[in-house]
Amino acid sequence: MWNEFKQFALRGNVVDLAIGIIIGAAFSKIVDSLVGDIFMPVIGAVTGGLDFSNYFMPLSEAVTAPALAEAKNQGAVLAWGSFITAAINFIIIAWILFLLVKGMNRLRRKEDAKTGTADKPAELPADVKLLTEIRDLMKTGRTL
């Protein structure tokens, strides 16, 4: 069982996944800081001091605090401002990952063009070729 676990853990895919998760966690902290420390203050300055992270709706009459952290201690709150901030985080992460994948695809196409290994159309299986011929014959009205 130990050897089987070692084989599983040392496969390239598992190690790549672990590295991806670690980098993703660090990247998430960077994006959180980017949104919380750079974008949201700018949005707040442009909108006259608007700070989404502190917006909430009390779900209990016992909640009277003006700040979200205090309100959560008093009772149930719907922290919709935190949701907006998380949505902005997601949009930024998705955009950056899109740009990253787009750049990697561009580099891959350039490399494939240099080496002549560009994507070539795959050879059709024999049954697909036969079905295509039958379809074409049926279109023309001819029989086998």
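All of the points below concern the structure found in this document. Owing to the predicted nature of the structure, the values given are computational and were not obtained by experimental measurement.

Things to note about the overall build of the protein chain
Helix and strand counts for the protein chain come out as five helices and two strands. Helices and strands in the protein chain line up, N terminus first, as α-α-β-α-β-α-α. The globule rule puts the C-alpha radius of gyration for 144 residues at 15 Å, and the 28 Å found for the protein chain is more than 25% above it. Expressed along its principal axes, the backbone C-alpha trace of the protein chain runs to roughly 85 × 55 × 40 Å. In the protein chain, which comprises 144 residues, the proportion classed as buried is 12%. Restricting to contacts in the protein chain with at least 6 residues of sequence separation, those with at least 24 account for 36%. Of the roughly 11,700 Å² of accessible surface on the protein chain, a fraction of 67% belongs to carbon and sulfur atoms. Each charge class in the protein chain was averaged separately, 15 positive and 14 negative side chains, and the resulting centres sit 10 Å apart.

Here we look at the nonpolar core
One recurring pattern in soluble globular proteins: nonpolar side chains tend to sit buried together. Of all hydrophobic cores here, the largest spans seven residues; its members are Phe56, Val63, Ala65, Leu68, Ala71, Val77 and Ala79. Setting aside residues up to four positions removed in sequence, Phe56 forms contacts with Val63, Ala65, Pro66, Ala67, Leu68, Ala71, Val77, Leu78, Ala79 and Trp80. Counting residues in hydrophobic clusters, the runner-up holds five residues, among them Val35, Met40, Phe52 and Ile92.

Observations concerning the environment of Thr64
Tracing the backbone through its elements, the reader meets Thr64 in the loop between strand 1 (57-58) and helix 3 (68-74). Using a relative accessible area of 63% as the deciding quantity, one classes Thr64 as exposed. Considering only alpha carbons, one finds Thr64 and Gly75, 11 residues apart in sequence, at a separation of 9.3 Å.

Focus: the pattern of salt bridges
Applying the stated rule across the entire model yields two salt bridges. Among the ionic pairs, Lys129 bridges to Glu123, the shortest N-O distance being 2.6 Å. For Lys129, a relative accessible area of 37% translates into the label partly exposed. For Glu123, a relative accessible area of 64% gives the class exposed.

A look at the side chain of Thr85
Tracing the chain through its elements places Thr85 in helix 4 (residues 80-115). For Thr85, a relative accessible area of 15% translates into the label buried. In this structure, Thr85 is in contact with Val35, Met40, Phe52 and Ser53, ignoring residues within four places of it in sequence.

Re a nonpolar patch on the surface
Among the surface-exposed residues, Met57, Leu59, Leu78 and Trp80 lie close enough to one another that they form a single nonpolar patch of about 390 Å² accessible area. You can see Leu59 is positioned in the loop between strand 1 and helix 3. Overall, the relative accessible area of 56% leaves Leu59 in the exposed class.

Here's the deal with the environment of Thr140
Relative to the helices and strands, Thr140 is located in helix 5 (residues 126-140). For Thr140, a relative accessible area of 53% gives the class exposed. Placed 133 residues apart in sequence, Thr140 and Gln7 show a C-alpha to C-alpha distance of 57 Å. For Thr140, the side chain forms a polar contact with the main-chain oxygen of Leu137, separated by 2.9 Å.

Conventions and cut-offs
Residues numbered from 1 in each chain as written. Predicted model: local features only at pLDDT ≥ 70, side-chain atom pairs only at ≥ 80, totals over all residues. Heavy atoms only, no water. Helix = DSSP H or I, 4+ residues; strand = E, 2+ residues; numbered from the N terminus. Rg over C-alpha atoms; globule rule 2.2 N^0.38 Å. Buried < 20%, exposed > 50% of the residue type's maximum accessible area, 1.4 Å probe, protein only. Contact = heavy atoms within 4.5 Å. Areas by Shrake-Rupley, 256 points an atom, 1.4 Å probe, with all protein chains shown as cover. Lys, Arg positive; Asp, Glu negative; His and termini not counted. Charge placed at Lys NZ, Arg CZ, Asp CG, Glu CD. Core = buried A, V, L, I, M, F, W, Y, C linked by side-chain atoms within 4.5 Å. Salt bridge = Lys/Arg side-chain N within 4 Å of Asp/Glu carboxyl O. Patch = residues over 30% accessible without salt bridge, like charges linked within 9 Å, V, L, I, M, F, W, Y side chains within 5 Å. Polar contact = N/O pair within 3.5 Å; in protein donor to acceptor, adjacent residues only side chain to side chain.

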